[in-house]
Amino acid sequence: MRLTLILAGVLLASPALAAGPYAKFSVGNWAGGAFTNNQTGDFSHCAVSASYKSGVTMHASLNSSYGWNLGFSNRAWGLKPGDNVPMELAFDRNDIVRITAKAVQPQLVVVTMPANSNIVRAFRGAELLEANMLGARYTFRLTATAEVMPALLDCVKTNANLRVAPGTPAPAPGGGTTSAAAADPAIQLEAVTLATNFLLKTQLPEPKVLSGSEAPSGIGGNGAGWRAQGATGLVRVLANPNQKDVDVAAMVSAADARGCQGRFASGRTTDTIEGASVLRGFSSCENGGDAKYSEFYVLPRKQGGFVMFSVVTTGDGSLHQQRRTDFQRAALTSVQ
């Protein structure tokens, strides 16, 4: 596993320059996180990896300039770094792409994927990939790749300002995540205030803003959690002025998909509340006999960026149907 993480880190850098992963996450059989430049400490890229029975591990990465890379590694390979590696990729045994990859390490080859390329589109939508390279043909089941790509985009946007001291080791498993937001107490206070106002306006029974050991894991420094009778939720302050509300919605949906181990569905729409447009996203997760329904509302923040309010319930979402307008009005008036 350690070798896999190192190779994921060098998709865009040499081993001496890559540090991580930080802010670890997983999607299906893919696992990874954010990486920094080990000489400067600045954020470099996000990468994930998935291992297969053939002995080959597949890697996907997105760098700070939003450039995509696809990589393949195998402990048995002994390649010469810098050599070209002709490759034929067949997606779902139909869409065939012939490309020249580059050996960047003795055990790793990398394919550059332009954002508008056929490889990116096929990787996102296909179920099967066959790669003919290095005198062999390898088959990969592309599980959860439709969720992996937005998850990597989410990772890059979330960790764009990540900076660690050069040479800092990655956090140990269970050691939490590193993010720039955790260092801004003003943003944290703003999120707590918004969560308090939201609960007061919804008048949900037994409301409580969660902090300290009660706060949801991974909430970071830009959010606040809450709970009430029959519902839980989050408020996140997203201060990046360059984001769009649809980008925020995509990140939230990707995070919901990562957290669902069963059947997942999501969507979004725009509602009009008191003359204002409110972007509403929604998702459902069914795992065995358990079902969870979630809605979130994305609203402009006065200081720039957006605020996201979420409401999560168990069951069929009947509470949302009964009180959706109340929730949206509470979110809208909390930010005004």
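Above this text is the structure in question.
Parameters at a glance
Residues numbered from 1 in each chain as written. Predicted model: local features only at pLDDT ≥ 70, side-chain atom pairs only at ≥ 80, totals over all residues. Heavy atoms only, no water. 1 Å grid on protein atoms, 1.4 Å probe; cavity = no way out; pocket = protein on both sides within 12 Å on 5 of 7 lines; lining within 4 Å. Points joined across faces, edges and corners; volume = space filled by probe spheres on them. Nonpolar A, V, L, I, M, F, W, Y, C, P; charged D, E, K, R; others polar. Core = buried A, V, L, I, M, F, W, Y, C linked by side-chain atoms within 4.5 Å. Buried < 20%, exposed > 50% of the residue type's maximum accessible area, 1.4 Å probe, protein only. Helix = DSSP H or I, 4+ residues; strand = E, 2+ residues; numbered from the N terminus. Contact = heavy atoms within 4.5 Å. Pairing = 2+ DSSP bridges. Disulfide = S-S within 2.5 Å. Expected span 1.5 Å × (residues − 1). Bend = angle between axes of the 7 residues up to and from the residue. Axes fitted to C-alpha atoms, helices over the stretch in contact; angles between N-to-C directions. Parallel < 35°, antiparallel > 145°, perpendicular 65-115°, else oblique. Left-handed = near helix turned anticlockwise from the far one by under 90°.

Trainee: Break down empty space enclosed by the protein for me, citing the residues and quoting the values.
Mentor: The full count for this structure, using the stated rule, is one cavity of 30 Å³ or more. In this structure, the largest cavity is lined by Pro150, Leu153, Asp154, Lys157, Asp247, Ala250 and Met251. For the lining of the largest cavity, a count of residues per class yields four nonpolar, no polar and three charged.

Trainee: How would you sum up the nonpolar core? Please name residues and give values.
Mentor: Counting 48 residues, the largest nonpolar core has Met58, Phe72, Phe91, Val109 and Phe140 as the members making the most contacts within it. Among the elements that make up this core, the one with the highest residue count is helix H3 (residues 145-159) (six residues). Residue contacts for Val109: discarding those within four places in its chain leaves Leu70, Gly71, Phe72, Trp77, Leu79, Val85, Met87, Ala101, Lys102, Ala103 and Met133. One finds Trp226, Val307, Phe309 and Val335 within the second-largest nonpolar core, a separate group that totals 25 residues.

Trainee: Pulling in residues and values, what's your account of the side chain of Thr202?
Mentor: Assignment of secondary structure puts Thr202 in helix H4 (residues 185-202). According to the relative accessible area criterion, Thr202 is buried, its value standing at 1%. Thr202 has contacts with Arg323, Phe327 and Ala330, leaving out every residue within four places of it along the chain.

Trainee: Please provide a residue-by-residue account of the pairing of strand E16 (residues 290-300), values included.
Mentor: Pairing of strand E15 (residues 276-287) with E16, which is carried by nine bridges, proceeds in the antiparallel orientation. Across the sheet, the residue bridging to Arg280 is Tyr297, located in E16. As consecutive antiparallel partners, E15 and E16 are separated by two residues, and within that stretch Gly288 has a phi angle of approximately 65°, a positive value. Pairing geometry for E16 and strand E17 (residues 306-314), over nine bridges, is antiparallel.

Trainee: Could you give me a rundown of the state of the cysteines, with the residues and numbers involved?
Mentor: By the definition in use, this model includes two disulfides. Between the sulfur atoms of Cys46 and its disulfide mate Cys155 the distance is 2.0 Å. In this structure the cystine formed by Cys46 and Cys155 twists about its S-S bond by roughly -75°; its chirality is therefore left-handed. Here Cys155 lies in helix H3 and Cys46 lies in strand E3 (residues 43-51), a separation of 109 residues in the sequence. Accessibility expressed as a relative area gives 0% for Cys46, which makes it buried. Across the disulfide from Cys260 sits Cys285; the S-S distance is 2.1 Å. Of note, the bridge from Cys260 to Cys285 carries an S-S torsion of about 85° and is right-handed in sense. Taken together, the residues Cys260 in the loop between helix H5 (245-259) and strand E14 (263-273) and Cys285 in strand E15 connect sequence positions 25 residues apart. Comparing Cys260 with Cys285 shows no difference in burial state: the two are buried. Counting only the cysteines that take part in disulfides, in the order they occur along the protein chain, gives the pairing 1-2, 3-4.

Trainee: Account for helix H6 (residues 318-335), with residues named and values stated.
Mentor: With 18 residues, H6 extends 26 Å between its outermost C-alpha atoms, agreeing within 8% with the 26 Å of an ideal straight helix rising 1.5 Å per residue. A maximum bend of about 65° is found in H6 at Arg324.

Trainee: So what's going on with the packing of H3 against H5? Which residues, and what values?
Mentor: The contact between H3 and H5 brings their axes to 9 Å, and the two run at 120°. With respect to each other, H3 and H5 are oriented oblique. Along this stretch, H3 crosses H5, giving a crossing that reads as left-handed. In this structure, H3 uses Glu147, Pro150, Ala151, Asp154, Lys157 and Thr158 to contact H5, whose residues at the interface are Asp247, Met251, Ala254, Ala257 and Arg258. Considered class by class, the residues forming the contact of H3 with H5 number five nonpolar, one polar and five charged.

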